[in-house]
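# Observations on chain architecture
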Amino acid sequence: MKGFDEARRTLAVGYLRDHIRRLQQLESGAPVEASVVWRLKDLVKALAVLDGRNSSTFILDVLALPLQTHGTDGWRICQTLEVLLFEGATLPNEKTLALITPVVDDLTCKWHSDNDLYLLGTSLSILPFLEDPRDGIAKLAERLTRIRVPLDGIRRVVTALGHSLCDDALDLLSSIVQKNGLAQHIGDAWISAIAALDNAKAREVLMGFIDPEVPEVPGTQNLGRDVLLSQRIAEVAVRHPDMKARILALCSAGLDRRKRAVLSAVIALFKDGKSLLASLNLLDDESNPELPYELQNVVEEAFVERQPVGEGSNTYTLQPRTAIELRDRLIEMTKSDPKRKQVCSRPTREDRILAPRIWQADRRNT
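Residues numbered from 1 in each chain as written. Predicted model: local features only at pLDDT ≥ 70, side-chain atom pairs only at ≥ 80, totals over all residues. Heavy atoms only, no water.

### Structural notes on the overall build of the chain
Operational definition: For helices the rule is a DSSP run of H or I covering at least 4 residues; for strands it is a run of E covering at least 2, with both sets numbered from the N terminus onward. Only protein chains enter the accessibility calculation, which uses a 1.4 Å probe. A residue is then buried if its area is under 20% of the maximum for its type, exposed if over 50%, and partly exposed in between. The contact criterion used is simple: two residues touch if any of their non-hydrogen atoms lie within 4.5 Å. In short, Shrake-Rupley with a 1.4 Å probe defines the accessible areas, and a residue's cover is counted only from the protein chains shown.
A tally of helices and strands in the chain yields 20 helices and 2 strands. For the chain, the proportion of its 366 residues judged to be buried stands at 46%. Sequence-distant contacts in the chain: of pairs separated by 6 or more residues, those separated by 24 or more amount to 67%. Accessible area of the chain: about 19,500 Å², with a carbon and sulfur share of 52%.

### Re the packing of aromatic side chains
Working definition: an aromatic ring pair is given by the centre-to-centre distance plus the angle between the planes. As a reminder of what qualifies: Pairing of aromatic rings covers Phe, Tyr and Trp, the last through its six-membered ring, and needs centres within 6.5 Å; plane angles under 30 degrees mean stacked, over 60 mean edge-to-face, and all others mean tilted. Charge-over-ring contacts are defined here by two conditions on Lys NZ or Arg CZ: a distance within 6 Å of the ring centre and an angle within 35 degrees of the ring normal.
All told, the structure shown has 1 aromatic pair when counted by the stated rule. Consider the rings of Trp75 and Tyr118, whose centres lie 6.1 Å apart with planes at 20°: the pair is stacked. Taken together, the residues span a long stretch of sequence, with Trp75 in helix α4 (residues 74-86) and Tyr118 in helix α6 (residues 114-124) at a distance of 43 residues. Residue Tyr118 is classed as partly exposed on the basis of its relative accessible area of 41%. The lysine or arginine in question, Arg17, covers the ring of Phe58, its NZ or CZ lying 4.6 Å from the ring centre. The ring of Tyr118 carries Arg156 above its face, with NZ or CZ at 3.8 Å from the centroid.

### Quick word on the side chain of His19
Residue position: His19 is located in helix α1 (residues 6-24). With relative accessibility at 19%, the residue His19 sits in the buried group. Not counting residues within four places of it along the chain, the set of residues in contact with His19 comprises Arg39 and Leu43.

### Overview of the nonpolar core
To keep things clear, this is the line we draw: The set of buried Ala, Val, Leu, Ile, Met, Phe, Trp, Tyr and Cys residues whose side-chain atoms join them within 4.5 Å is what this entry labels a nonpolar core.
One finds Leu81, Leu124, Trp190, Ile233 and Ile247 to be the most contacted residues of the largest nonpolar core, which totals 103 residues. For this core, the leading source of residues is helix α10 (residues 183-197), giving 9 residues. Once residues within four sequence positions are removed from consideration, Ile247 is found in contact with Met207, Ile210, Ile233, Ala237, Leu263, Val266, Ile267 and Phe270.

### Observations regarding empty space enclosed by the protein
Threshold: Any residue with an atom within 4 Å of a point lines the site, the site being either a cavity, points on a 1 Å grid over the protein atoms alone where a 1.4 Å probe fits but cannot get out, or a pocket, an open set with protein on both sides within 12 Å along at least 5 of 7 lines. Grid points are joined across faces, edges and corners, and a volume is the space filled by probe spheres set on the points. Residue classes follow a fixed rule: Ala, Val, Leu, Ile, Met, Phe, Trp, Tyr, Cys and Pro count as nonpolar, while Asp, Glu, Lys and Arg count as charged, and any other residue, Gly among them, counts as polar.
Considering all chains together, one arrives at 1 cavity of 30 Å³ or more under this definition. Roughly 30 Å³ of volume is contained in the largest cavity. Considering the residues around the largest cavity, the lining is formed by Ile267, Ala268, Lys271, Asp272, Leu276 and Val298. A per-class count over the lining of the largest cavity returns 4 nonpolar, no polar and 2 charged.

### Here's the deal with α6
Looking only at α6, the buried set comprises Asp116, Leu119, Leu120, Gly121, Thr122, Ser123 and Leu124. Among the structural elements, α4, α5 (93-107), α7 (133-146) and α8 (151-163) are those in contact with the buried residues of α6.

### Some points on the side chain of Ser125
Our working definition: Whenever a nitrogen or oxygen atom comes within 3.5 Å of another N or O atom, the pair is scored as a polar contact, on the condition that within protein one atom can donate a hydrogen and the other can accept it, and that pairs from neighbouring residues in sequence are kept only if both atoms are in side chains.
With respect to the helices and strands, Ser125 occurs in the loop between α6 and α7. At 2.8 Å, the side chain of Ser125 forms a polar contact with the backbone oxygen of Thr122. Excluding residues within four positions of it along the chain, Ser125 makes contact with Arg156, Val157 and Ala160.

### Some points on the pattern of salt bridges
To keep it simple, the criterion reads: By definition, a salt bridge exists where a carboxyl oxygen of Asp or Glu is found within 4 Å of a side-chain nitrogen of Lys or Arg.
For the coordinates displayed, the defined rule picks out 19 salt bridges. When the shortest N-O distance is used, the salt bridge between Asp132 and Arg134 registers 3.2 Å. Overall, the relative accessible area of 28% leaves Asp132 in the partly exposed class. Salt bridges sharing common partners tie together Glu6, Arg9 and Asp51.

### Overview of helix α2 (residues 34-51)
Stated formally: For a helix, the expected span equals 1.5 Å multiplied by the residue count minus one. Read the arc as the range of directions from the helix axis to the C-beta atoms.
In a regular helix each residue adds 1.5 Å, so 18 residues correspond to 26 Å; α2 covers 25 Å between its end C-alpha atoms and thus fits that length. Buried residues of α2: Val36, Val37, Leu40, Lys41, Val44, Leu47, Ala48 and Asp51, and no others. Viewed along the axis of α2, the buried residues span an arc of 135°, placing them on a single side of the element. Turning to α2, the residues buried within the fold contact α1, α3 (56-63) and α4.

Shown next, in the form of structure tokens:
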């Protein structure tokens, strides 16, 4: 079968709904047996895959059926709720909390196996996606103050908060990263969550890593992950021209070593001529390194093209590029900018091979 068969899906949905109703014995009013409840909850998971958006109310009602046995069916509930989310269904606050709360309570009042710990993280990561995410995030924040969640669960909660796109998520993310010992373990997930939020306050948090005028969130000094951080800042800045303009303006600001390195990496990822010209203001004869490592390859590639030799070969030849605007700016800086004169007059390895006479002539004129 090629493509998607809507008629076949519709028939399957109708069959599943009818079969579930028959098992429930709604007409006779007889109580649903415990063994049947397990079957029903397995069936609605399949129904969620086929018709999650349109059948969400029906599915939630089945998930709410009592087991009439000891314990909870946390895995069935959480896995089905996750399927509903991926299918674009709305999770009403009252019904969803009535399902998740007993699962979390059961998991936090007993000894935890690895399976229990994973389920705990899964159940908590659903809360930011309720119909009113603010209520879910408030419930999540309250739980996190009372229970201990493993690192894997915290990372999944952090990721969920970022993708909730709710403004209230930022305060909880800031609170989580300030907890002792967490920053170094959740740095990658936390940075990606802030970038995923992508609202005005979240963008200011990202700017705090490179702008000395913007205060950093306490606890983020030990995040590490500077490579990922620069990637996420660049991705967000490309979507917001005003943020990109602020970043380019920072090239002329006085920055400490780490902010300078992260900013250099961000600009290197922009890969456009205007950004490269602005990045030249990061050169500094008195800094170490004079030319930030993150910009070295970008500057060299502006002057030199590496052309592969043959198909599938790892060898290449060096071919010069004009880069007139960039070269003119460097020559101008060697003549009129005492702060960057030495580093601007120093050619790259490839440039020294390809165009020594041009560089030597430029240096004699300075």
